[in-house]
Amino acid sequence: MANRAQPIRPIHFIAGGGAFALLLVLTFGTVIAVWTRAELGSGLSSSDWAAVRFTLSQAFVSASVSVILAIPVARALARRKFRGRTLMVSFLGAPFILPAIVAVLGIVAVWGRSGWISQAIEPFGFSPLNIYGYFGVVFAHVFFNLPLATRLLLQGWLSIPAEHFRLCAQLDMSPSEISKHLERPMLWSVLPGAFLLVFLLCISSFAVVLALGGGPRATTVELAIYQALRFDFDLSKAAMLAVVQFGLCTSVALASIFIAKPTNFAFGLDRPPERWDGKGAFHVICDCLSLVMLTLFLFLPLLALFIRGLIPIAHLPIKIYAAALNSVVIAVGSAMLAIVMSLALAALIIRIARRRKRVSQIVEGLGFLTLAASPFVIGTGLFIIINPYVSPFAVALPVTALINAAMSLPFALRIILPAMTRAEDHYGTLGDSLGMERWTRFRIAIWPRLKRPIGFAAGLSAALSMGDLGVIALFAPPDIETLPLMMYRLMAAYQLKMASGVALLLISLSLILFWLFDRGGQLEHHTR
Amino acid sequence: MSITLDKLVLNQGSFQLDADLVIEEGHKIALLGPSGGGKSTLLSAIAGFKEITSGRILFNGDDISTDPPAKRPVSLLFQDHNLFPHLSVEKNIGLGLRTNLRLNDAEKEIIQDALRRVGLGGHGSKMPSEMSGGQQQRVALARALLRDRPVLCLDEPFAALGPALKHEMLDLVAEIVEAANATLLMVTHQPDDAEYIADQTILVAQGRAYAPVDTTTLFHSPPPALASYLGTRRAHG
Amino acid sequence: MKIFQLFAAGLCVALSTSAHAQDKPELTVYTYDSFVSDWGPGPAVEKAFEETCECDLKLVAAGDGAALLSRVLLEGERTEADIVLGLDTNITARAAETGLFAPYGKSPTYLDVPIPWEDKIFLPYDWGYFAFVYDNTKLTDVPDSFEALIAAPDDLKIVIQDPRSSTPGLGLLLWIKTAYGDRAPEIWEKLAPKILTVTKGWSEAYGMFTEGEADMVLSYTTSPAYHIIAEDDYTKSAASFTEGHYMQIEVAGKLASSDQQELADDFLKFMTSPKFQDIIPTTNWMYPAVFPYSGLPAGFETLITPTESLIVDPIEAEKTRDAALAEWLTALSQ
């Protein structure tokens, strides 16, 4: 193959290696930093092990329920065409980028004891719903992750060649036969990856668990880390728990990697093939029920947040603009960092893969590390590393952008790596044969193929960063507020209405940023 | 048997194709024309995969315009993705007999027979990924053989094959349709293919499908639409 | 690509440091989020102090109350803080133990805090009683003790905060421990069915309460004052408990590492003066450490006055805390 001739140039090692080193510092480095500051602390107690068990169990149940429910919903979206379908599919990303506390308030407004649903069923003699406790944790996690899982599975459905559906129609296959021959094989290849991703996301969940968990029974490892850092100030225990969390995630990831790799996020295209099946009443009803469930489950809480925020959003104080600007700057900065890091990593991975498949797979797997990392440990560790040299205030914004970038790296990398692999295979070779040099080759042969996925990845990381409270709170600079920070501060000052206005602004800006980046990637780009 | 396209109009975005013609029994017909000219769209409409804008499709005088694909007298082979990658060759063929794949011994024998007829005897237990592109299309042909429909439609199924292999496949197709006394409709943009297998040719160009014409006559004195498609190629021929 | 990173980082540094260039001495105060918000005491306090001090007062929100101490511990001697404002007496013993804090200069002449003040390191600036707040238009049969709360029908739900992440949560832990001693685990166990959920901080819990999710929320006896004074809303009340109410006394302390020792002492003195104290009732919604000459703002007279004030001294709190937490975890994990 011509590819063999493609050398690893120093730039690939410097850029890719740099991004990789940064990743290792942020994940393992911070754990070590926390450890070195630790005085002799206590070991893990029985309640810590209870937290480990609870973490695993809730993540397993949440991921299973999300993925199983996603099957009928994705199927309905794949085979039905209706007004608003496109809107529905694009809003599937919304819960994923919501700040946890905003989402919890939305869920409670609809599904809580005095929420819309409870009020609606009370006249019929039903007692109000109770969504707290183990069930509540799973419920909220499903709210966050069902749309994500649906999107991943929908992608699987859309990857089935249109010819296969025609073939089935021509052979007069029944829906169950279509399911057997087309859908089940596809699901087998997509489900494990989707499950793994949701599982990892649920493992490090924190705020949701605290708000809906109903008490200390629902203590996750992440919460135990928080307790160790904040309450006991037991840094060695925090480091130990962080290692346990890495261990959990790694073993689950290894176990499922034997089944399938985490799914590619080829979110961009949504062009469902023409279908001739599923015209029977049973299937129509099934699909309708699935879509109604999705709407109730997903869109009602969003609607509740919208309604609540609508009036206050018009009366927000002037300061909100500064906070919004800061949030946008951090979001754009972290999106750019995430893209640069994933491009560098992807280029390195592809080049290593041509020589050492195994090594490249390890590097790729480590790209997922931040999914397993505790934001608290990252923040604290980085604080310990930075504090002797620079005032943490002075670097609050760049550090926040950097950590947010690292947190969205697993997603950005999954989006960009497959696209870059394809572009390298198809057009990189063409570029080489034409004797294009480095940047020309990248600019002309690779970049146009990557624009769409980059736009999408940038939009996703920008939106994820917008909603993140985590690190900025630890590094909290004096004069700088971000929207999530402001929202929390408003809530702490009894200004709940105002806070719901900020929440709506936050959601809107996140979606707008996402949309802008995503659109930007789709603009035509001709080199004339 | 005959297929009548009665004042048929097809739309694809802003593109429109008109067809008003009759296809007689037992011919091997090439649909020839520039790419993007609507050849595949027309074939899809006949096979039931493309909704028609107006007009009718008649089979032996019966209106089949609204029949679902499976009810139509047609087997359609695509350029690609004709086989399910997770099913063995035998099973892929077996789908032509029973979609639930509960096959009895007699049916299994029929499948082996079909395999032999397409030159793949003994390959039944292979997976599609273990076969070449040409072999995969042979498997798809074997399945069409079992379905035994009066019309076989091919949508550029051999475009990716080399000339020698392609002629081999065309010979096989000719043999199959002749034995079954079926009608062949084959989309191609290669005039050579048309000349090689088709006794009649439907020219699809400039938004119109022209009535079938004897292939040799057609190439001998091409009408303007064909001449512009063929370009200078024929000027010296 | 590297250039991009540098550019982005540089842009952010420029943005974040642009507000720094000042010649006046700077006093940095770490406090909790709600203190610095536009509705909190922060802006007025900053203005009032800067009028007299010829300095720049920098109020830094370092998370919620529970996060303050860990933040200072993490920074150690390198901390930029001159003052930490917002600890409460339940954790001052541990804060003092670190040796990071220095004694304040002059003792204030007079304090309205209901207990004699002996601490030499931390000075109080406000205080309040923990209480369960309810909507008096919805809840008619109001429990008047923990026992009554336990005996209430099962559909009466309360929201509390996690003692590991929130100061009111820790307050409740010590409230029950002080009132019931060895019976505390039993009380928690019986209380468990009434607890709808346990939130990370006060904000989430209070938000859930105002959404109507729970009938009562752990807050302060002074919370209804906010609704009365700021919103003209008389529907919120605090339930008076016969066991007495646990107190929270919020304090500030000076850091030994501060290079502004004098200015810090000035601030602590200012903190117990009317200019600071008069701001507190209607911004922090707590009782000020020194009541205004003109009395508390109208509305405060409607608040309940506990029959008994409960509090354990800081050393005792430090000793009790871990055991009480363990009891709480066990009781609620069944």
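In this text the structure is predicted, and so the values were computed from the model without any measurement.

Peer 1: Teacher, can you tell me more about the overall build of chain A here?
Peer 2: Each helix and strand counted, chain A has 22 helices and zero strands in total. Considering only residue pairs separated by 6 or more positions, chain A has 84% of its internal contacts joining residues 24 or more positions apart.

Peer 1: Where do I start with the overall build of chain C in this structure?
Peer 2: The helix and strand tally for chain C stands at 13 helices and twelve strands. Computed over the C-alpha atoms, the radius of gyration of chain C is 21 Å, within 12% of the 20 Å expected from 2.2 N^0.38 for a compact globule of 334 residues. Seen through its principal axes, chain C has C-alpha atoms that stretch 60 × 60 × 40 Å. Across the 334 residues of chain C, 54% fall into the buried class.

Peer 1: In this structure, what is going on with the interface of chain A and chain B? I would like to understand it.
Peer 2: One frequently used descriptor of interface size is the decrease in accessible area upon assembly of the parts. Facing the 16 residues of chain A at the interface are 16 residues of chain B. Contributing elements (two or more residues each) for the side of chain A that touches chain B: α8 (162–170) and α9 (175–203) of chain A. Considering every element that reaches the side of chain A that touches chain B, the biggest residue donor is α8 of chain A, with six residues. Residue composition of the side of chain A that touches chain B, grouped by class: seven nonpolar, four polar and five charged.

Peer 1: Explain the UniProt feature "domain: ABC transmembrane type-1" (unreviewed entry) in chain A to me, please; I cannot follow it from the model alone.
Peer 2: Under the present numbering, the feature "domain: ABC transmembrane type-1" (unreviewed entry) in UniProt falls on residues 52–254 and 324–517 of chain A. Overall, residues 52–254 of chain A shows 77% helix and 0% strand. The separation of its end C-alpha atoms is 18 Å.

Peer 1: What exactly am I supposed to notice about the pairing of strand β1 (residues 26–31) of chain C here?
Peer 2: Regular strands have side chains that alternate between both faces of the sheet. All names here are of chain C. Here β1 lies mainly inside the structure; five of its six residues are buried. Two elements, β1 and strand β2 (residues 56–61), share six bridges in a ladder whose sense is parallel. Considered in β2, the bridge of E26 is made with D56. Relative to strand β3 (residues 83–88), β1 is paired through two bridges, and the arrangement is parallel. Each residue of the ladder has a partner; that of V29, found in β3, is I83.

Peer 1: Just checking my understanding: could you explain helix α13 (residues 281–310) of chain A for this structure?
Peer 2: Residues spaced three or four apart along an α-helix face the same direction, because each turn holds 3.6 residues. Maximal helix bending in α13 of chain A amounts to about 35°, located at F299 of chain A; proline P301 of chain A follows within four positions. When α13 of chain A is considered as a whole, its buried residues turn out to be D287, S290, L294, F297, L298, P301, A304, L305, R308 and G309 of chain A.

Peer 1: Just checking my understanding: could you explain the domain arrangement of chain C for this structure?
Peer 2: All names here are of chain C. Domain boundaries in chain C define domain 1 (24–127 + 249–300) and domain 2 (128–247 + 306–332). One C-alpha centre belongs to domain 1, the other to domain 2; they are set 25 Å apart. Across the boundary between the two partners, domain 1 contributes 21 residues, which contact 22 residues of domain 2. Those elements giving two or more residues to the side of domain 1 that touches domain 2 turn out to be α4 (65–75), α5 (92–97) and β5 (122–135). In the side of domain 1 that touches domain 2, the residues fall into eleven nonpolar, six polar and four charged.

Peer 1: How do you make sense of the interface of chain C and chain A when you look at a structure like this?
Peer 2: Contact residues are listed per partner, giving 54 residues for chain C and 61 residues for chain A. Elements supplying a minimum of two residues to the side of chain C that touches chain A: α1 (2–17), α2 (33–36), β2, α4, β7 (195–199), α9 (202–210) and α13 (314–332) of chain C. Broken down by class, the residue content of the side of chain C that touches chain A amounts to 25 nonpolar, 16 polar and 13 charged.

Peer 1: Would you mind showing me how to read the nonpolar core here?
Peer 2: Nonpolar side chains in soluble globular proteins tend to end up buried together. Ranked by size, the top nonpolar core spans 279 residues in total, and within it V104, V198, I225, I416 and A457 of chain A together with V217 of chain C carry the most contacts. Among the elements that take part in this core, helix α14 (residues 319–355) of chain A stands out by supplying 20 residues, more than any other. In this view, V198 of chain A contacts S62, A63, S66, V67, N145, L148 and A149 of chain A; residues no more than four positions away in its chain are not counted.

Peer 1: Explain the arrangement of the chains to me, please; I cannot follow it from the model alone.
Peer 2: Summarising the chain contacts, two pairs of chains touch, and the pair with the most contacts is chains A and C. Considering only C-alpha positions, the minimal separation of the non-contacting chain B and chain C is 41 Å.

Peer 1: Quick question: what am I supposed to make of the domain arrangement of chain A here?
Peer 2: Residues and elements named next belong to chain A. According to the domain assignment, chain A consists of domain 1 (1–37 + 311–528) and domain 2 (45–308). Facing 32 residues of domain 1, the contacting portion of domain 2 comprises 33 residues. Elements with a minimum of two residues in the side of domain 1 that touches domain 2: α1 (10–37), α16 (369–372), α17 (375–386), α18 (396–433), α19 (438–466) and α22 (496–522). With eight residues, the top contributor of residues to the side of domain 1 that touches domain 2 is α22.

Peer 1: I would appreciate a short explanation of the confidence of the model for chain C in the present structure.
Peer 2: Note: predicted coordinates in regions of low pLDDT should not be interpreted at a detailed level. Across chain C, the average pLDDT comes to 88, with 93% of residues at 70 or higher. For the stretch residues 1–21 of chain C, pLDDT sits under 50, and the model shows 29 contacts to residues farther than four places along the chain or on other chains.

Peer 1: Help me understand the packing of helix α7 (residues 167–180) of chain C against helix α8 (residues 184–191) of chain C, please; the structure alone is not making it clear to me.
Peer 2: The relative placement of two packed helices comes down to the angle between their axes together with the axis-to-axis distance. Residues and elements named next belong to chain C. Direction vectors running N to C along α7 and α8 enclose 125°, while the axes themselves pass 8 Å from each other. With respect to α8, the element α7 is oriented oblique. Helix-helix and strand crossings are classified by hand; for α7 and α8 the assignment is right-handed. For the pair α7 and α8, the contacting residues are I176, K177 and Y180 in the first and A184, I187 and W188 in the second. In terms of residue class, the contact of α7 with α8 is made up of five nonpolar, no polar and one charged.

Peer 1: Teacher, can you tell me more about the environment of G193 of chain A here?
Peer 2: As for its placement among the helices and strands, G193 of chain A is situated in helix α9. Note: C-alpha distance between G193 of chain A and L152 of chain A (41 residues apart in sequence) is 9.0 Å.

Criteria and thresholds
- Residues numbered from 1 in each chain as written.
- Chains lettered and ligands numbered in written order.
- Predicted model: local features only at pLDDT ≥ 70, side-chain atom pairs only at ≥ 80, totals over all residues.
- Helix = DSSP H or I, 4+ residues; strand = E, 2+ residues; numbered from the N terminus.
- Contact = placed C-beta atoms within 7 Å.
- Rg over C-alpha atoms; globule rule 2.2 N^0.38 Å.
- Buried ≥ 20, exposed ≤ 12 C-beta atoms within 10 Å, placed from the backbone.
- Nonpolar A, V, L, I, M, F, W, Y, C, P; charged D, E, K, R; others polar.
- UniProt positions renumbered as here; feature names shortened; annotations may be inferred.
- Pairing = 2+ DSSP bridges.
- Bend = angle between axes of the 7 residues up to and from the residue.
- Domains from an automatic or database assignment.
- Core = buried A, V, L, I, M, F, W, Y, C linked by C-beta atoms within 7 Å.
- pLDDT = per-residue confidence, 0-100.
- Axes fitted to C-alpha atoms, helices over the stretch in contact; angles between N-to-C directions.
- Parallel < 35°, antiparallel > 145°, perpendicular 65-115°, else oblique.
- Left-handed = near helix turned anticlockwise from the far one by under 90°.

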